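# Structural features, examined
The chain contents come next:
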Amino acid sequence: MISNNEFSNRDKNLYFCTSNQYFMAKQEDAFKKVVSHAKEYGFIFPSSEIYDGLSAVYDYGQNGAELKNNIKQYWWKAMVQLNENIVGIDSAILMHPTTWKASGHVDAFNDPLIDNKDSKKRFRADVLIEDYCAKLEDKAQKEIDKAAKRFGDAFDKAQFEATNSRVIDYREKQKSILSRMAQSLDNNDLADVKALIEELEIADPDTGSNNWTEVRQFNLMFGTKLGASAEHAMDLYLRPETAQGIFVNFLNVQKTSRHKLPFGIAQIGKAFRNEIVARQFIFRMREFEQMEMQFFVPPGTELKFYEEWKQKRLNWHLALGLGEENYKFHDHQKLAHYANAAADIEFKFPFGFKELEGIHSRTDFDLNAHEQHSGRKLQYFDPERNENYVPYVVETSIGLDRLFLALMSNCLKDEVLEDGSERTVLSLPPALAPVKAAILPLMKKDGLGEYAEKIFDDLKYDFNLIYEDKDSIGKRYRRNDALGTPYCITVDHESLSDHTVTLRDRDTMKQERVAVSELRRIIDEKTNFRNLLSQLS
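About the thresholds
- Residues numbered from 1 in each chain as written.
- Predicted model: local features only at pLDDT ≥ 70, side-chain atom pairs only at ≥ 80, totals over all residues.
- Heavy atoms only, no water.
- Helix = DSSP H or I, 4+ residues; strand = E, 2+ residues; numbered from the N terminus.
- Buried < 20%, exposed > 50% of the residue type's maximum accessible area, 1.4 Å probe, protein only.
- Contact = heavy atoms within 4.5 Å.
- Areas by Shrake-Rupley, 256 points an atom, 1.4 Å probe, with all protein chains shown as cover.
- Salt bridge = Lys/Arg side-chain N within 4 Å of Asp/Glu carboxyl O.

### Overview of the overall build of the chain
If you tally the helices and strands in the chain, you get 18 helices and 23 strands. Taking the principal axes of the C-alpha coordinates as reference, the chain spans close to 85 × 80 × 60 Å. Among the 537 residues that make up the chain, the fraction classed as buried is 47%. Of the contacts made within the chain by residues no fewer than 6 positions apart, 66% connect residues no fewer than 24 positions apart. Accessible surface for the chain amounts to roughly 27,500 Å². Of this, 48% is attributable to carbon and sulfur atoms.

### Description of the pattern of salt bridges
For the structure shown, the criterion picks out 42 salt bridges. Ionic pairing is found between Asp115 and Arg216, a salt bridge with its closest N-O pair at 2.8 Å. Pair noted here: Asp115 is in strand β4 (residues 110-115) and Arg216 is in strand β6 (residues 216-219), with a separation of 101 residues, a long-range link. Overall, Arg216 belongs to the partly exposed group, its relative accessible area being 36%. Between Glu241 and Arg362 there is a salt bridge whose closest N-O contact spans 3.8 Å. Of this pair, Glu241 sits in the loop between β8 (234-238) and α9 (243-247) while Arg362 sits in strand β13 (residues 352-363); the two residues are 121 residues apart in sequence, bridging distant segments of the chain. Take Glu241 and Arg362: they sit in the same class, and that class is buried. The structure contains a network of salt bridges with shared partners spanning Glu415, Arg423, Arg478, Asp481 and Arg504.

Next comes the structure, spelled out in structure tokens:
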């Protein structure tokens, strides 16, 4: 006979399994909605779609390009405009091939890949292990959350984390696994990486199969040629990161800007990686855009500035209003060959917490390496120390496309209104919204269209606007809610006599009558970048 307790445990396991499947399905549905919405409203299209597309390559549509440019502006203004000791450059995509030998990319820019023999799917071995460890941290966090709920205001989180045996065990196991993986990858011991996957019984997340191939390394750089004929062409690479364009220009910028250390060089630009495991829409692409800043500091001060930039960059993200609970730091156990400290700012995407931005203390590796390979000195004379030295570097690097996805996935919402109707709204920060206001004549005839066009022509010098006169006013409101437009401006017959319009707010749906002469001030107050930047002071 089976005891009641055994029935209880079986039911409990079934419940948790079913709940987890339900949660994952719900996340997948939410992500699919983001992808669908991005295409339907002109944000992102599959590249070369009429030829069946190109895997992991996307085009930004008319509204996506506007949102992307606004994200760039926010980053550039916060990084360059607000900091007297940071300047911006725009370096070339094509660089001398020795650049990538010096940086280590030719020899060491690899991903450890593993295939599942049953599903025929390919995975990054390190990501499989990191995802396993992330689940251990989730278990630890659940213990903390349960205790916090049980003890209420009396809960001492630090003490609980330091004394609770389950939390300690989960985190020690996590640390041990990541440490072993890091050591194996550093030693290029790929057999041990596979052994670790097998010991942890890590399965294909889609099929549950444990039938793995050996782990092997794959170089991620795209090669190309420079030259008029094939036999005399020089082998080049499409840059896999934008940072090296900053390093090779360090002295040019320092001498022409006359900046003393510490100072930074910022850049926004395209990078290219031959990602074999390219999934999750624009999260991991073969052609992507980075927003990077390299901060040059005196040796011995790099870890102080590293901690400062970690907090500064988190504050920049928090100003977007996506929720503090959606961010967390992940300190690296496995450091890149150039780093002595590294952390990621992770964001809670629909598919879990993933890297959004990296902050790295790169030491003096890059400038030293370029000195050795070029034969040119890349040193700074410090008048306070009265000596020449190679500066150390603290890097902040954010994926522009990943931030775009974070905004889309967090701001896209379905709302049930008081009357029972529903609407889809993209509640982007107003400064980032592709369109700042929609000019909507109630109808095109009776002079309303002409008056609305006059308002449009007056405001277009200051704001990106759209003009719409088709469909009912309700449908136009809903369309602009889904587009993320902060304001809708409705022109009616009353507008012709008293020069007022109905101004509708996207988030509150509140409508008020305002003078046409006040529109510029009202829109500017809501959509100006000052609203975001002032939070960073």
